[in-house]
Amino acid sequence: MSQQERFFEESEKKAFDKAMRQKIETSLSNYQKNHALGLTQFENLALAKERASYSRWRAIESLDKFLLEFENNFARRGGKVIWAPDAESALQELENIISALKPDEVVMSKSMATEEIGLAAFLEKKNIVITETDLGEYIQQQAKEKPFHPVVPAMHQSVDDIAALLHMDAENNTAEKIAAETGEKIRPHFTASSLGITGANFLVADIGAVSITENEGNARMGTSWPDVHVVIAGIEKVIPAVGDLEVLLPILATYGTGQRITAYNSLLLGPRMSDETDGPKEMIVILLDNGRSNLLEKQEQRQALKCIRCGACLNVCPIFKTIGGQAYGTTYNGPIGAVITPIQVNSKDYKHLSHASTLCGACTDVCPVQIPLHMNLLANRRDFNEEGMAKGQEKMMWYAWKKGVLDRKKMNRGAGMKNFFLKTIFKKPWGERRTFPEFAPKSFNELWREKHGDRK
Ligand code: SF4
């Protein structure tokens, strides 16, 4: 089955899964309340978004300069930087690290980049015990599912679902009890692991630091206890200066979860120094390209590299709210995933995602770093058509449509005829569960002529 067929099948199933949609709605209505409160911290929200966008844009436009600056500054304090052009080379580098370290256990902290390269499956094959230490990721690990949402990985699971999944008794059916009990289970793994793997929210070029933002303290533990800390970060994560965090951290918190600021914000400058008591003996950053250069090549869609993975565009997207995260079958879902996946992974298998949008523009409006997401989706559609990727049937459909709408006589034909053609041409994409809209008995042109005659 092709990715497109899988997507249509899953989308149809999920769109009619009322229980799932109810859970998403509950989660998102809580988010919206918190988000509205969080926004009140910005005296001038438009300016804050402008500044966040500018910082990200400046970095993306000079990635070569800022990545080298980051590497030099990070290496100066004993850190090591490895450049990985694709997922395979990133995994090969990890293989080298693992062969030398021989860890029995690894602690991981929430990261989309590790999802992207299939790290968990890679480590499992080596019989290494892996513990996802972020609560949402831990839940998804137990469920053997990919994250549903970049910020709320288990958004589609209710408290009862989670308690059942984690084999907790009925008494523990509160979010707080589940979090406390799960924390107890996770904690021993921090000290038992000699390797901690995380992503990065930002790579700060001017001071050579890795910025990690989290709410549970798990990333802090997972980067301090193990002997070796490996960061896997996309090359687009770099920002020019530590001062940029002044706006990026509150923006990320408010658009991600509705907080004013996330509970733990760490800046990691390298491995433990000789006069320090905490931190890993070795710290390695793997800079991952994995298709990001394809995005960089595209003058319009390049803007998507500004993304700070706050998830806000998913939260307002009517498609995401209807089909959920897993129907996409990709690491990055929702509007941002629909823009980047066909370019970053491949257009042949994923070009259909650029059509998974109503083009309402809600994603563009909400994006705190001003990515014109719906325009980028249109640019993808245009590019894929120009590359000759439209199917013969699709071309025929649009050819017939164009012929019809440009012909006044045809447009003024009776509604019965027009309804017949519409239903014949668009029957399959419209689906069987929705009622087709009916043409009005008379066209606008006919009504106008009746009222005003032939006068223009
Ligand atoms: S595209 Fe914008 S709104 Fe969507 S996740 Fe990225 S930063 Fe957030």
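Cut-offs and rules
- Residues numbered from 1 in each chain as written.
- Predicted model: local features only at pLDDT ≥ 70, side-chain atom pairs only at ≥ 80, totals over all residues.
- Heavy atoms only, no water.
- Helix = DSSP H or I, 4+ residues; strand = E, 2+ residues; numbered from the N terminus.
- Buried < 20%, exposed > 50% of the residue type's maximum accessible area, 1.4 Å probe, protein only.
- Core = buried A, V, L, I, M, F, W, Y, C linked by side-chain atoms within 4.5 Å.
- Domains from an automatic or database assignment.
- Contact = heavy atoms within 4.5 Å.
- Near = heavy atom within 4 Å.
- 1 Å grid on protein atoms, 1.4 Å probe; cavity = no way out; pocket = protein on both sides within 12 Å on 5 of 7 lines; lining within 4 Å.
- Sits in = over half its atoms within 2 Å of the grid points.
- Nonpolar A, V, L, I, M, F, W, Y, C, P; charged D, E, K, R; others polar.
- Pairing = 2+ DSSP bridges.
- Axes fitted to C-alpha atoms, helices over the stretch in contact; angles between N-to-C directions.
- Parallel < 35°, antiparallel > 145°, perpendicular 65-115°, else oblique.
- Left-handed = near helix turned anticlockwise from the far one by under 90°.
- Points joined across faces, edges and corners; volume = space filled by probe spheres on them.
- Expected span 1.5 Å × (residues − 1).
- Arc of directions from axis to C-beta.
- Buried area = accessible area lost by both parts, 1.4 Å probe.
- Salt bridge = Lys/Arg side-chain N within 4 Å of Asp/Glu carboxyl O.
- Polar contact = N/O pair within 3.5 Å; in protein donor to acceptor, adjacent residues only side chain to side chain.

**Points about the environment of L378**
As for its placement among the helices and strands, L378 is situated in helix α19 (residues 373–386). Among the residues examined, L378 registers a relative accessible area of 35% and is labelled partly exposed. Separated by 222 residues in sequence, L378 and H156 have C-alpha atoms that sit 29 Å apart.

**With respect to the nonpolar core**
Considering soluble globular proteins, one finds that nonpolar side chains tend to be buried as a cluster. Counting residues in each nonpolar core, the largest one holds 77 residues, and the members touching the most others are F70, L203, V210, V238 and V285. Here this core takes 7 residues from helix α12 (residues 245–256), the largest share from any one element. Split by domain, this core shows at least three residues from each of two domains, domain 1 (41–290) and domain 2 (297–386). The contacts of F70, once residues within four sequence positions are left out, are V81, L203, V204, A205, G208, A209, V210, V238 and V285. Formed by 25 residues, the second largest nonpolar core is a distinct cluster that contains A87, L91, I128 and I284.

**Digging into the site of the ligand**
For the ligand, the set of nearby residues contains 13 residues, the closest of which are C307, C310, G311, C313 and C367. When atom positions are compared with the pocket grids, the ligand is found to occupy the largest cavity. Residues that form the shell around the ligand fall into these classes: 11 nonpolar, 1 polar and 1 charged.

**Some words on the pairing of strand β4 (residues 195–198)**
Residues L195 and I197 line one face of β4 and the alternating positions G196 and T198 line the opposite face, and both faces are buried. With 3 bridges joining them, strand β2 (residues 105–108) and β4 adopt parallel strand pairing. Bridge assignment links M108 to a residue of β4, and that residue is I197. Here β4 pairs with strand β7 (residues 228–234) via 4 bridges, running parallel. By the bridge assignment, I197 is partnered in β7 with V230.

**Re the packing of helix α16 (residues 334–344) against α19**
In contact at an axis separation of 9 Å, α16 and α19 are set at 30 degrees when each is read in the N-to-C sense. Taken together, α16 and α19 sit at an angle that is classed as roughly parallel. Considering the relative orientation of α16 and α19, their crossing is left-handed. Touching P335, I336, A338, V339, P342 and I343 of α16 are L373, N376, L377, N380 and F384, all from α19.

**Quick look at the layout of surface pockets**
Of the pockets and cavities examined, the largest pocket occupies roughly 2,100 Å³. As for the largest pocket, its lining consists of 45 residues, of which F8, H355, K428, P429 and W430 are closest to the centre. When residues of the lining of the largest pocket are traced back to their parent elements, those giving at least two are α1 (3–15), α15 (318–323), α17 (347–350), α19, α20 (392–405) and α22 (415–430). For the lining of the largest pocket, the leading source of residues is α1, giving 9 residues. Of the residues that constitute the lining of the largest pocket, the class distribution is 19 nonpolar, 12 polar and 14 charged. Each of two domains, domain 2 (297–386) and domain 3 (392–452), supplies a minimum of three residues to the lining of the largest pocket.

**Side note on the sheet that holds strand β6 (residues 209–214)**
As summarised here, the arrangement of the 4 strands in space is β8-β5-β6-β9, forming an open sheet in which the pairing is mixed. Taken across any chain shown, the strands that pair with only one partner, and hence form the sheet edges, are β8 (238–239) and β9 (264–268). Contacts from α12 reach β5 (202–204), β6, β8 and β9 within the one sheet, and its direction differs from that of β5 by about 170 degrees.

**Focus on the side chain of S211**
When you line up the elements, S211 lands in strand β6. Every residue in contact with S211, bar those within four places of it in the chain, is listed here: A200, N201, F202, V204, L245, L249, S266 and L267.

**Describing helix α4 (residues 63–76)**
Helix length check: α4 (14 residues) gives 20 Å between terminal C-alpha atoms against 20 Å at 1.5 Å per residue, within 8%. Listed as buried for α4 are L63, F66, L67, F70, N73 and F74. Summarising the axial view, the buried residues of α4 lie within an arc of 135 degrees, below the 170-degree limit, and thus occupy one face. Those residues of α4 that are exposed and angled more than 90 degrees off the buried face are D64 and R76.

**Observations concerning the domain arrangement of the protein**
Partitioning the protein into structural domains gives domain 1 (41–290), domain 2 (297–386) and domain 3 (392–452). The centre of domain 1, based on its C-alpha atoms, is set 23 Å off from the matching centre of domain 2. Opposite the 31 residues of domain 1 that make contact, domain 2 presents 26 residues. With both sides pooled, the region where domain 1 packs onto domain 2 buries about 2,500 Å², and carbon together with sulfur makes up 57% of that total. Of all residues in domain 1, K49, F148 and Y255 bury the most surface against domain 2, accounting for 21% of the area lost on that side. Taken together, the links from domain 1 to domain 2 amount to 2 salt bridges. In this structure, the salt-bridge partner of R302 is E61, at a minimum N-O distance of 2.9 Å. Our enumeration of links across domain 1 and domain 2 arrives at 13 residue pairs in polar contact (both at pLDDT 80 or more). It is helix α3 (residues 45–61) that provides the largest number of residues to the side of domain 1 that touches domain 2, a total of 8 residues.

**A few points about empty space enclosed by the protein**
Tallied over the entire structure, the rule returns 3 cavities of 30 Å³ or more. C307, R309, G311, C313 and I336 are, among the 17 residues lining the largest cavity, the residues nearest its centre. Among the elements that make up the lining of the largest cavity, the one with the highest residue count is helix α14 (residues 312–316) (3 residues). Space inside the second largest cavity adds up to approximately 90 Å³. Lining the second largest cavity are 16 residues, with C317, P335, S357, T358 and C363 sitting closest to its centre. Going through the elements one at a time, α15, α16 and α19 are the ones with two or more residues in the lining of the second largest cavity. Split into classes, the residues belonging to the lining of the second largest cavity amount to 11 nonpolar, 5 polar and no charged.

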